[in-house]
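Listed below are the residues making up each chain.
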Amino acid sequence: MGDTIKKAIRMLFTREMLSYIFFGVCTTVVNIAVFQACTALLHWNWAVSNVLAWVLSVLFAFVTNKLFVFQSKKSGSKRFIWEAVTFFAARVLSLGIDMAGMWLLLDCLGVNSLFSKILMNVVVIIVNYILSKFIIFRKKVS
């Protein structure tokens, strides 16, 4: 048990994980700021606000994940298209998770919108890391 905990702690302090956490926080700030601006300032519907926040944060996340987190140096249009398409497809999956969670928290349970958005961002960050690490920006492509 002690070795497992030590291994998990070491994994949290790798360059990749620290940069993923940093840029994940930045992406979350973009997502929440856009969502809050649209809902609180513009009085838009939460679903429309959530989709716009998603689009802008996914564009930011793709660039930062490719260049800084996973340092994908693969060149060529075929590889770029693979990364972009799989990245956005994975983010569509996480958007579905986010929208379902927001609906459950806001419409069904009546939870505060900012708290709901933060909670769902934590869930989405975990899902996105797993998909990015093991599918999208993996080192070997078959």
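Structure first, text after, so check above.
All of these numbers come straight from a predicted model, not from anything done at the bench.

Draft legend 1. Inspection of the overall build of the protein chain at higher detail. Assigned secondary structure in the protein chain consists of five helices and zero strands. Helices and strands appear in the protein chain in the N-to-C order α-α-α-α-α. Principal-axis analysis of the C-alpha atoms places the extent of the protein chain at approximately 45 × 45 × 20 Å. Per-residue burial over the protein chain gives 38% buried out of 142 residues. Taking as baseline every contact in the protein chain between residues at least 6 positions apart, the subset at least 24 positions apart corresponds to 70%. In the form shown here, the protein chain has an accessible surface area of approximately 8500 Å², with 77% of it arising from carbon and sulfur atoms. Between the mean site of the 15 positive side-chain charges and the mean site of the 5 negative ones, the protein chain shows a separation of 12 Å.

Draft legend 2. Here's a closer look at unusual backbone geometry. You will see that His 43, though not glycine, has its phi angle at about 60°, which is positive. Counting through the fold element by element, His 43 comes out in the loop between helix H2 (15-41) and helix H3 (46-69). One non-glycine residue with positive phi stands out, namely Gln 71, at about 40°. Examined against the element boundaries, Gln 71 turns out to sit in the loop between H3 and helix H4 (77-108).

Draft legend 3. The arrangement of the side chain of Ser 72 in detail. Relative to the helices and strands, Ser 72 is located in the loop between H3 and H4. Here Ser 72 falls in the buried class, since its relative accessible area comes to 12%. A polar contact of 2.3 Å, which involves the side chain of Ser 72, links it to the side chain of Glu 83. Filtering out sequence-adjacent residues up to four positions away, Ser 72 remains in contact with Lys 66, Glu 83 and Phe 137.

Draft legend 4. Structural detail: the state of the cysteines. Summed over all chains, the structure comprises zero disulfides. In this structure Cys 26 is a free cysteine whose sulfur lies 19 Å from that of Cys 38, the closest cysteine sulfur available.

Draft legend 5. Structural context of a positive patch on the surface. On the surface, Arg 15, Lys 73, Lys 74 and Lys 139 cluster together into a positively charged patch. Locating Arg 15 in the fold gives a position in helix H2. You can call Arg 15 partly exposed: its relative accessible area is 41%.

Draft legend 6. Representation of a nonpolar patch on the surface within the structure. Residues Leu 41, Leu 42, Trp 44, Val 48, Val 51, Leu 52, Val 55, Leu 56 and Leu 59 make up a contiguous nonpolar surface patch of roughly 770 Å² in combined accessible area. Looking at the nonpolar patch element by element, the count peaks at six residues for H3. By the element assignment, Leu 59 lies in helix H3.

Draft legend 7. Main features of H4. Helix length check: H4, at 32 residues, gives a terminal C-alpha distance of 44 Å against a target of 46 Å (1.5 Å per residue), a fit within 8%. Looking at the residues trailing H4, positive phi occurs at Gly 110, about 70°.

Draft legend 8. Focus on the pattern of salt bridges. This model, assessed by the stated rule, comprises four salt bridges. Glu 16 is paired through a salt bridge with Lys 133; the nearest N and O atoms lie 2.9 Å apart. Pair noted here: Glu 16 is in helix H2 and Lys 133 is in helix H5 (residues 113-136), with a separation of 117 residues, a long-range link. You can call Glu 16 buried: its relative accessible area is 14%.

Draft legend 9. Fine view of the packing of H3 against H4. Viewed as axis vectors pointing N to C, H3 and H4 meet at an angle of 145°, and their least axial separation amounts to 10 Å. Handedness of the crossing formed by H3 with H4: right-handed. Across the contact of H3 with H4, the residue classes break down as 18 nonpolar, three polar and five charged.

Criteria and thresholds
- Residues numbered from 1 in each chain as written.
- Predicted model: local features only at pLDDT ≥ 70, side-chain atom pairs only at ≥ 80, totals over all residues.
- Heavy atoms only, no water.
- Helix = DSSP H or I, 4+ residues; strand = E, 2+ residues; numbered from the N terminus.
- Buried < 20%, exposed > 50% of the residue type's maximum accessible area, 1.4 Å probe, protein only.
- Contact = heavy atoms within 4.5 Å.
- Areas by Shrake-Rupley, 256 points an atom, 1.4 Å probe, with all protein chains shown as cover.
- Lys, Arg positive; Asp, Glu negative; His and termini not counted.
- Charge placed at Lys NZ, Arg CZ, Asp CG, Glu CD.
- Polar contact = N/O pair within 3.5 Å; in protein donor to acceptor, adjacent residues only side chain to side chain.
- Disulfide = S-S within 2.5 Å.
- Patch = residues over 30% accessible without salt bridge, like charges linked within 9 Å, V, L, I, M, F, W, Y side chains within 5 Å.
- Salt bridge = Lys/Arg side-chain N within 4 Å of Asp/Glu carboxyl O.
- Expected span 1.5 Å × (residues − 1).
- Axes fitted to C-alpha atoms, helices over the stretch in contact; angles between N-to-C directions.
- Left-handed = near helix turned anticlockwise from the far one by under 90°.
- Nonpolar A, V, L, I, M, F, W, Y, C, P; charged D, E, K, R; others polar.

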